[in-house]
Amino acid sequence: MSIPHIYFCRNPTRSLVHQEGLPKLPVPPLKQTCEGYLAALEPIVSAEELDHTRQLVGEFLNGGVGERLQKGLERRARKTENWLSEWWMQSAYLDCRMPVAVYTSPGVVLPRMHFQDRQGQMRFAAKLIAGVLDFKKKIDSETLPVEYLSGKPLCMDQYYQILSSCRIPGPKRDTVVNYAIGKISSTHITVVHNFQFFVLDVYNSDGTPLTVDQLHMQLEKIWNSSLQTNKEPIGILTSQHRNTWGKAYNNLIKDKTNKESVRAIQKSIFTVCLDAPMPRVSDEKYQSRVAAQMLHGGGARWNSGNRWFDKTLQFIVGEDGTCGLVYEHAPAEGPPIVFLIDYVVKYMQRIEMVRSPMVPLAMPQKLRFNITPEVKRDIEKAKQNMNIMVHDLDVKVLMFSHFGKNVPKKHQLSPDAFVQMALQLAYYRMYDTCCSTYESASLRMFKYGRTDVIRVTTVDSLNFVQAMQDPAKQVGGVDKASCVTFLYQAIHGQAVDRHLLGLKMLSIEDLTSMPEIFMDTSFAVAQHYNLSTSQVGSKTDCVMCFGPMVPDGYGVCYNPMEEHINVAITAFNSCEETNAARFAQAVEGALLDMRALLEDAAATAQQ
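Residues numbered from 1 in each chain as written. Predicted model: local features only at pLDDT ≥ 70, side-chain atom pairs only at ≥ 80, totals over all residues. Heavy atoms only, no water.

Asker: Even after reading the chapter, I still don't get the overall build of the protein, so can you show me in this structure?
Answerer: Broken down by element type, the protein carries 18 helices and 19 strands. Computed over C-alpha atoms, the radius of gyration of the protein comes to 25 Å, within 12% of the 25 Å expected from 2.2 N^0.38 for 607 residues, which places it in the range of a compact globule. Here the C-alpha coordinates of the protein stretch approximately 75 × 60 × 50 Å along the principal axes. Taken over 607 residues, the protein has a buried fraction of 59%. Put simply, of all contacts in the protein between residues at least 6 apart along the chain, 76% involve residues at least 24 apart. Total accessible area computed for the protein in this model is approximately 24,900 Å², and 54% of it derives from carbon and sulfur atoms. (Helix = DSSP H or I, 4+ residues; strand = E, 2+ residues; numbered from the N terminus. Rg over C-alpha atoms; globule rule 2.2 N^0.38 Å. Buried < 20%, exposed > 50% of the residue type's maximum accessible area, 1.4 Å probe, protein only. Contact = heavy atoms within 4.5 Å. Areas by Shrake-Rupley, 256 points an atom, 1.4 Å probe, with all protein chains shown as cover.)

Asker: Looking at this model, I keep getting lost on the confidence of the model for the protein. Mind explaining?
Answerer: In low-pLDDT segments, the atomic positions of the prediction should not be examined closely. Per-residue pLDDT for the protein has a mean of 88; in total, 92% of the residues score no lower than 70. Within the model, the stretch residues 1–12 combines pLDDT values under 50 with 54 contacts to residues more than four positions away or in other chains. (pLDDT = per-residue confidence, 0-100.)

Asker: What's the story with the side chain of His411 in this structure? I'm lost.
Answerer: Its location among the elements puts His411 in the loop between helix H12 (406–410) and helix H13 (415–431). Not counting residues up to four positions away in its chain, the partners in contact with His411 are Leu598, Glu599 and Ala602.

Asker: Just checking my understanding: could you explain the domain arrangement of the protein for this structure?
Answerer: Accessible area lost during the coming together of the parts is what is often quoted as the interface size. On domain assignment, one finds that the protein holds domain 1 (6–90 + 395–605) and domain 2 (107–392). With centres defined by C-alpha atoms, the gap from domain 1 to domain 2 works out at 31 Å. Listed as interface residues are 47 residues of domain 1 and, on the opposing side, 48 residues of domain 2. Carbon and sulfur atoms supply 57% of the area that domain 1 and domain 2 bury against each other, a total of about 4,100 Å² over both sides. Where domain 1 touches domain 2, the interface holds 2 salt bridges. (Domains from an automatic or database assignment. Buried area = accessible area lost by both parts, 1.4 Å probe. Salt bridge = Lys/Arg side-chain N within 4 Å of Asp/Glu carboxyl O.)

Asker: Is there a simple way to think about the UniProt feature "active site" (unreviewed entry) in the protein in this case?
Answerer: Per the UniProt entry, the sites bearing "active site" (unreviewed entry) are His329 in this numbering. With relative accessibility at 8%, the residue His329 sits in the buried group. At a separation of 3.3 Å, a polar atom in the side chain of His329 contacts the side chain of Tyr93. (UniProt positions renumbered as here; feature names shortened; annotations may be inferred. Polar contact = N/O pair within 3.5 Å; in protein donor to acceptor, adjacent residues only side chain to side chain.)

Asker: So what exactly am I meant to see when it comes to the pattern of salt bridges here?
Answerer: If the charged atoms of two oppositely charged side chains come close together, the side chains can form a pair. Per the stated rule, a full pass over the model turns up 23 salt bridges. For the salt bridge of Asp174 with Arg242, the shortest nitrogen-to-oxygen distance reads 2.7 Å. With Asp174 in the loop between strand E5 (165–168) and strand E6 (175–178) and Arg242 in helix H7 (residues 242–252), this pair connects stretches of sequence that are 68 residues apart. On the basis of relative accessible area, Arg242 is assigned to the buried category, the value being 0%. A salt bridge links Asp275 to Arg307; the shortest N-O distance between them is 2.7 Å. A residue pair is termed long-range when its members are at least 10 positions apart, and Asp275 in strand E9 (residues 271–275) and Arg307 in the loop between helix H9 (283–296) and strand E10 (313–318) qualify at 32 residues. One continuous salt-bridge network, built from bridges that share partners, spans Arg97, Arg167, Asp174, Arg242, Asp310 and Glu328.

Asker: Explanation requested: helix H4 (residues 85–94) in the structure shown.
Answerer: Side chains three or four residues apart in an α-helix point the same way, a direct result of the helix having 3.6 residues per turn. Most of H4 sits out of view: 7 of its 10 residues are buried. Those residues of H4 not exposed but buried are Trp87, Trp88, Met89, Gln90, Ala92, Tyr93 and Leu94.

Asker: Sorry, what's going on with the sheet that holds E9 here?
Answerer: Strand pairing in a sheet takes place through backbone hydrogen bonds and is either antiparallel or parallel in direction. Sheet architecture is open: 8 strands sit in the order E12-E8-E7-E9-E10-E11-E2-E17, paired in mixed fashion. Edge positions in the sheet fall to strand E12 (365–366) and strand E17 (543–545), since each has one partner strand and no second. With 4 bridges connecting them, strand E7 (residues 188–193) and E9 associate as parallel partners. Within E9, the position partnered with Thr190 by the bridge is Thr271. Packed on one face of the sheet, helix H5 (residues 118–140) meets E7, E9, E10 and strand E11 (323–327) and runs near 155° to E10. Its contacts with the sheet place helix H6 (residues 212–224) against E7, strand E8 (196–201) and E9, and it is angled at close to 155° to E8. (Pairing = 2+ DSSP bridges. Axes fitted to C-alpha atoms, helices over the stretch in contact; angles between N-to-C directions.)

Asker: Just to check I follow, could you spell out the pairing of E8 for this structure?
Answerer: With 5 of 6 residues buried, E8 lies mostly within the body of the structure. Bridge count between E7 and E8: 6 bridges; the pairing is antiparallel. Looking at E8, one finds that Val192 is bridged to Phe197. The antiparallel pairing of E7 with E8 creates a hairpin that spans 2 residues between the two strands, and Asn194 there sits at a positive phi of about 50°.

Asker: So what exactly am I meant to see when it comes to the packing of H7 against helix H11 (residues 373–392) here?
Answerer: How two helices sit against one another is set out by the angle between their axes and by the gap between those axes. Their axes nearest at 10 Å, the elements H7 and H11 cross at an angle of 155°. Classified by the angle their axes make, H7 and H11 are roughly antiparallel. Considering only the axes of H7 and H11, their crossing is left-handed. On H11, the residues touching Ala248, Asn251 and Leu252 of H7 are Glu374, Val375 and Asp378. The residue inventory of the contact of H7 with H11, partitioned by class, reads 3 nonpolar, 1 polar and 2 charged. (Parallel < 35°, antiparallel > 145°, perpendicular 65-115°, else oblique. Left-handed = near helix turned anticlockwise from the far one by under 90°. Nonpolar A, V, L, I, M, F, W, Y, C, P; charged D, E, K, R; others polar.)

Asker: Where do I start with the sheet that holds strand E15 (residues 451–455) in this structure?
Answerer: A sheet is described by the order of its strands in space; here 6 strands give the open sequence E13-E19-E18-E16-E14-E15, paired in mixed fashion. Sheet topology places strand E13 (393–400) and E15 at the edges, where each strand pairs with a single neighbour. Across the sheet, the axes of successive neighbouring strands diverge by a mean angle of 25°, strand direction being ignored. One ladder, built from 6 bridges, connects strand E18 (residues 554–560) with strand E19 (residues 565–572); its direction is antiparallel. Its bridge partner being in E19, Gly555 is matched across the sheet by Thr570. Together, strand E14 (437–442) and E15 form the strand contacts of helix H16 (residues 497–509), whose direction differs from that of E15 by roughly 120°.

Spelled out as structure tokens, the structure:
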């Protein structure tokens, strides 16, 4: 989600000033992509499979099919602002029918707060809302600082997609609506407590945002009028498989009241979930449990019904000091969300309570739902499925405290490449083989750019992990060159995966027969990411997490701080081969062994 090796610098110019001048995403040369694809396959498929694929790639390149699709893609690139973004949104998110909870929505855990009661919860939530509204002011007035990468401005469009937006289920494909774009922008947020939803207007009649005091008073009113705990958890419907939810949604909004209530949630700027305390766990298990709580809410008995998973941004504030957020991934990647978090956390630290004029404010409006027997059945089904999902998700947060970015930096290595090689080594030690590994790289140098893949598993990485396992082999250090090359290619729009996706999507749209290379087992292996990884560079000491991409894989998200590294690892209990805690242990061992290797090498060099 974030961009390794290279740091943003932010200039206080108007956020959309460079938007028109941003370059378009290029279409890489076909031959280059084909060569890159074969190189990526080398460490992960057998020699026979690779030979077979070489043949297919040769035919694709020289038989005219590849050339025809390439020309079509270049035509599309000339005609559109970004040849990829719409296809990417469709194929990665909107066409995907798995639940958004766990499968695509990332969670973020903020440092534990010191309150243990509803007073603290209300105060914290009020400040948090004020902070997000302050951030919104910067978006609306286009005064958000432009981000730069290697001196080039980045596309700021995603910041305009995260507030007042919501995913809407469809029977076969979802859509995303953005109510921030239009004549009348939203002036309310949704607050949910004890499974009951409220509309909270966050602006006074003169357009000024409510103060922290006023927000606090309104949250108190919401709390006091939602004390019944026997309410149907309507929000849990949003955690279902998308086709199931699509049907239930159409059924739900047949009723006029329900439709209006749903619309109010969809149009809100963001959602705040005031959660009941989590079941108590030991300090050692606390981080892992909270990470799971951010991803799914803990189950139907706990807080899973206290959500609207289709909402782009949901901030979670628990009565027990647990807080964080979960976001629906379709409209944006991690970096804008992380920037928002860093901004709000900083805002909350410096806020002084402004005494508000005691103008009586209207009671926040409770959203009503008519629960027909059919809707009730859908809710029961969703509860059962959510509980299965909760039991199936294995989460382990590793707070690696031995060192942070400081060690690789001291040895002139990229912290990101260092952690990635540790993940490769840990995986190899556990499974005695390499796997297809996904690390996301940002394409925001280009207009409306999203992400591409850095394929971390290479012939060099395989040599490295084998050498680490067999002392007789010469260890050639962490190959900086190959990591940096792949990163450079990815962020400059020259990586392999999205180009192949474009060629494949074009052949589907042209209704021609699917080229052989996309029907090949090697292609399936390449797309089966047993390791789905992402670096999230946040100033706040937070933990970001997401579910695995495949049933027998791991989701790994890491935040390398100066002196420590936060790593969140997820797997599925239904897969016997994977185990998040064991993988975390292997990662810890790999990081320590790699530091020892660097120190030995440095000592030898000095002799």
